[in-house]
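Notes for the structure review
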Amino acid sequence: QPVIEWKLLQTAAYGLVALLCGNAYIVGINQIYDVDIDKVNKPFLPVAAGEISKPLAWALVGGTGVLGCAIVATVFSPLICQLYLFGMFLGTVYTVPPFRWKNNPVLAAFSIAMVRGLLLNIGLHHAASTALGLAITWPAQVCFIAAFMTVFAVVIAIAKDLPDVEGDRKYGVTTLASSLGVCACV
């Protein structure tokens, strides 16, 4: 047996690139639609700072979205592809009008928790099991990690808005922090 199975390393690299592309898509689309809010809350971000134009940002978002989906569709199982596409969908409806789930604290927390908690952990376990040729089982450890990370992602969904109250209030973004105040959320 070789120490390293290069096919597994290649599959892991494809998975890493696909996850980075998905993250770039979700974060990028948010920066494009929230450029005015980010000029108040996070003026150092590339689009808000004017370091990347909107057309270039759209090209990067579109390119990473297509590349990530293409990798997942050609390298991984149909289930992983469906989970990935569902994550991309949630990342889109979180930001894009008319949905703009970020304006509803419950929907915002749901989308973040699903993507960063449940989908990511269940998807990675399924992809790793498949790549290793193992039967798909759901041991208690995997279920615990997925549940823990989902709850942790809800905390992240609330905490990430704490420094953004000024811009969120100015542009009518309803978060727990902008509604109740930072002290009530801590």
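Bear in mind the structure is a predicted one, so any value in this text is a computation, not a measurement.

Calculation notes
Residues numbered from 1 in each chain as written. Predicted model: local features only at pLDDT ≥ 70, side-chain atom pairs only at ≥ 80, totals over all residues. Heavy atoms only, no water. Helix = DSSP H or I, 4+ residues; strand = E, 2+ residues; numbered from the N terminus. Contact = heavy atoms within 4.5 Å. Areas by Shrake-Rupley, 256 points an atom, 1.4 Å probe, with all protein chains shown as cover. Lys, Arg positive; Asp, Glu negative; His and termini not counted. Charge placed at Lys NZ, Arg CZ, Asp CG, Glu CD. 1 Å grid on protein atoms, 1.4 Å probe; cavity = no way out; pocket = protein on both sides within 12 Å on 5 of 7 lines; lining within 4 Å. Points joined across faces, edges and corners; volume = space filled by probe spheres on them. Nonpolar A, V, L, I, M, F, W, Y, C, P; charged D, E, K, R; others polar. Phe/Tyr/Trp six-rings, centres within 6.5 Å; stacked < 30°, edge-to-face > 60°. Buried < 20%, exposed > 50% of the residue type's maximum accessible area, 1.4 Å probe, protein only. pLDDT = per-residue confidence, 0-100. Salt bridge = Lys/Arg side-chain N within 4 Å of Asp/Glu carboxyl O.

What follows deals with the overall build of the protein chain. What the protein chain contains, in helices and strands, is 9 helices and 0 strands. Element order for the protein chain, N to C, with α for helix and β for strand: α-α-α-α-α-α-α-α-α. Along the first, second and third principal axes, the C-alpha set of the protein chain runs to 60 × 40 × 30 Å. In the protein chain, of all internal contacts separated by at least 6 residues, the share reaching a separation of at least 24 is 62%. A total accessible area of about 10,500 Å² is found for the protein chain, and carbon and sulfur atoms account for 72% of it. For the protein chain, the centre of its 10 positive side-chain charges and the centre of its 9 negative side-chain charges are spaced 3 Å apart.

We now examine the layout of surface pockets. The volume enclosed by the largest pocket comes to roughly 1,200 Å³. As for the largest pocket, its lining consists of 48 residues, and the residues nearest its centre are Gly22, Asn23, Ile26, Val115 and Arg116. Mapped onto the lining of the largest pocket, the elements with two or more residues apiece are helix H1 (6-33), helix H2 (35-41), helix H4 (78-95) and helix H5 (105-131). Here the residues of the lining of the largest pocket are counted per class, giving 27 nonpolar, 12 polar and 9 charged.

Attention shifts here to the packing of aromatic side chains. The tally for this structure, following the rule as stated, stands at 5 aromatic pairs. Taking the centre distance of 6.1 Å and the plane angle of 25 degrees together, the rings of Phe144 and Phe148 count as stacked. Of this pair, Phe144 and Phe148 both sit in helix H6 (residues 140-159), 4 residues apart, roughly one helical turn. Relative accessible area serves as the criterion here: at 47%, Phe148 is assigned to the partly exposed category. An angle of 5 degrees between the planes, with centres 6.2 Å apart, marks the rings of Phe148 and Phe152 as stacked. Remark: Phe152 and Phe148 occur in helix H6; sequence separation between them is 4 residues, near one turn of the helix. Exposure remark for Phe152: the relative accessible area of 40% places this residue in the partly exposed category.

Attention now goes to the confidence of the model for the protein chain. Per-residue pLDDT for the protein chain has a mean of 93; in total, 98% of the residues score no lower than 70. Ranking the elements of the protein chain by mean pLDDT puts helix H9 (residues 182-185) last with 72 and helix H3 (residues 54-75) first with 98.

Moving on, we come to the pattern of salt bridges. Under the criterion given, the structure shown has 4 salt bridges. Residue Asp34 is joined to Arg100 by a salt bridge in which the shortest nitrogen-to-oxygen separation is 2.7 Å. Placement of Asp34 in the loop between H1 and H2 and of Arg100 in the loop between H4 and H5 is noted, with a sequence separation of 66 residues between them. Both residues of the pair, Asp34 and Arg100, belong to the buried class. Close ionic contact of Lys160 with Asp161 constitutes a salt bridge, the shortest N to O distance being 2.6 Å. Under the relative-accessibility criterion, Lys160 is labelled partly exposed at 31%. What emerges from the salt-bridge pattern is a single network uniting Asp34, Arg100 and Lys102.

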